[in-house]
Amino acid sequence: MSVRYDDFDRLEVLTRITGSLVNETPLRVGVGREPSLGSAVDLAPLRIRFADGRTKPYIPGSSLKGVLRSLAESIARTQGPSVHDPWDFKTAESEAESKNYCVICGTFGSTKLASHVHVYDAYPEGEAPTFVKTGVGINRDFRGVQPGILYTEEQVAPGVRWSFKMDVINIRVLPEPVDDRGRLLRRVVDMLVKGMVQVGARRTLGYGLLRLEGGRYEVYEVKGGALVKAREGGIP
Ligand SMILES: [Zn+2]
């Protein structure tokens, strides 16, 4: 039986997951390898300017979605079915031709299939204090930083709360998943709740560790042509 994951012609169910992400360790989601223009440090966090003119670090939804996808891939790998690289365009193409998508593309999308998961940018709910540390440029990950010379890196201090919002389209995740994709997403959400997800730079040092607090879900279903809230609750 082939499973139709290209089901965007009709919206059946939308699950919105919200809560606060807390970074348990220092965090920096940067702009590639380049220091941001006008920054006093060599490696600075991405920032966004708010209407009142203030700027704050933030975590782009695309970065969060990327780590959730990698996590889902590693979970799927332990369960047997082969998981292809997200940039394996040939496989994405052949999946589209046969209309038989793998569980990962069927959830997070591919070059040929829209994503069933949308993760919003996460902004600090309050202040987001940062600190600057000095390192020695010996790491190949820091292109543009000369080997042997000192560089400065700005990180967001631990304990900052970030608003989290994620929409899941046409996959039932909560309160109970009903298919492989839902079960996979549920495990990913569990790992967020348990504080086992890392985002940003210096993950090998344990940086960027996130934990979801006060997680909630709302399930919307289409009834009589309108999107109606059918269920809601906390994420245990
Ligand atoms: Zn695939």
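None of these values were measured; they are calculated from a predicted model.

Chemist: Please explain the confidence of the model for the chain as it appears in this structure.
Modeler: Low pLDDT means the predicted coordinates in that region are not meant to be read closely. With 89% of its residues at a pLDDT of 70 or more, the chain shows a mean pLDDT of 89. Averaged pLDDT values over the elements of the chain bottom out at 87 in strand β5 (residues 130–136) and peak at 98 in strand β7 (residues 161–169).

Chemist: Got a minute to help me understand the side chain of Arg186 in this structure?
Modeler: Along the chain, Arg186 falls in helix α4 (residues 180–193). Setting aside residues up to four positions removed in sequence, Arg186 forms contacts with Val173, Leu174, Pro175, Pro177, Ile235 and Pro236.

Chemist: Looking at this model, I keep getting lost on the coordination of the zinc ion. Mind explaining?
Modeler: For a metal with four tetrahedral donors the ideal donor-metal-donor angle is 109.5 degrees, whereas six octahedral donors ideally subtend 90 or 180 degrees. Protein coordination of the zinc ion is provided by His84 (NE2), Glu95 (OE), Glu95 (OE), Cys102 (SG) and Cys105 (SG), with donor distances spanning 2.0 to 2.5 Å. In the primary structure, the donors to the zinc ion are separated according to the pattern H-x10-E-x6-C-x2-C. Note that His84 is positioned in the loop between α1 (61–78) and α2 (89–98) and Cys105 in helix α3 (residues 105–108), a separation of 21 residues in sequence. The two residues His84 and Cys105 agree in class, both being buried.

Chemist: What am I meant to see in the side chain of Thr107 here?
Modeler: Turning to its location among the elements, Thr107 is positioned in helix α3. In this structure Thr107 comes out as buried when scored by relative accessible area, which is 1%. Discounting residues that sit within four places of it in the chain, Thr107 has contacts with Ser115, His116, Val117, Ile171, Arg181 and Leu185.

Chemist: Which parts of the structure should I look at to understand the packing of α1 against α4?
Modeler: The contact between α1 and α4 brings their axes to 10 Å, and the two run at 115°. Relative to α4, α1 is oriented so that their crossing is right-handed. Seen from α1, the contacting residues are Leu68, Leu71, Ala72, Ile75 and Ala76; seen from α4, they are Leu184, Arg187, Val188, Met191 and Leu192. The residue inventory of the contact of α1 with α4, partitioned by class, reads nine nonpolar, no polar and one charged.

Chemist: Help me understand α2 in this model?
Modeler: Inspection of α2 places Ala92, Glu95 and Ala96 among the buried residues, and these make up the whole buried set. The arc enclosing the buried residues of α2, seen along the axis, measures out at 100°, which places them on a common side. Residues of α2 that are exposed and point more than 90 degrees away from the buried face comprise Lys90 and Glu97. In the core, the buried residues of α2 are packed alongside α3. Phi for Lys99, located one or two positions after α2, is positive at around 55°.

Thresholds applied
- Residues numbered from 1 in each chain as written.
- Predicted model: local features only at pLDDT ≥ 70, side-chain atom pairs only at ≥ 80, totals over all residues.
- Heavy atoms only, no water.
- pLDDT = per-residue confidence, 0-100.
- Helix = DSSP H or I, 4+ residues; strand = E, 2+ residues; numbered from the N terminus.
- Contact = heavy atoms within 4.5 Å.
- Donors = N, O, S within 2.8 Å, 3.2 Å for Na, K, Ca; no water.
- Buried < 20%, exposed > 50% of the residue type's maximum accessible area, 1.4 Å probe, protein only.
- Axes fitted to C-alpha atoms, helices over the stretch in contact; angles between N-to-C directions.
- Left-handed = near helix turned anticlockwise from the far one by under 90°.
- Nonpolar A, V, L, I, M, F, W, Y, C, P; charged D, E, K, R; others polar.
- Arc of directions from axis to C-beta.

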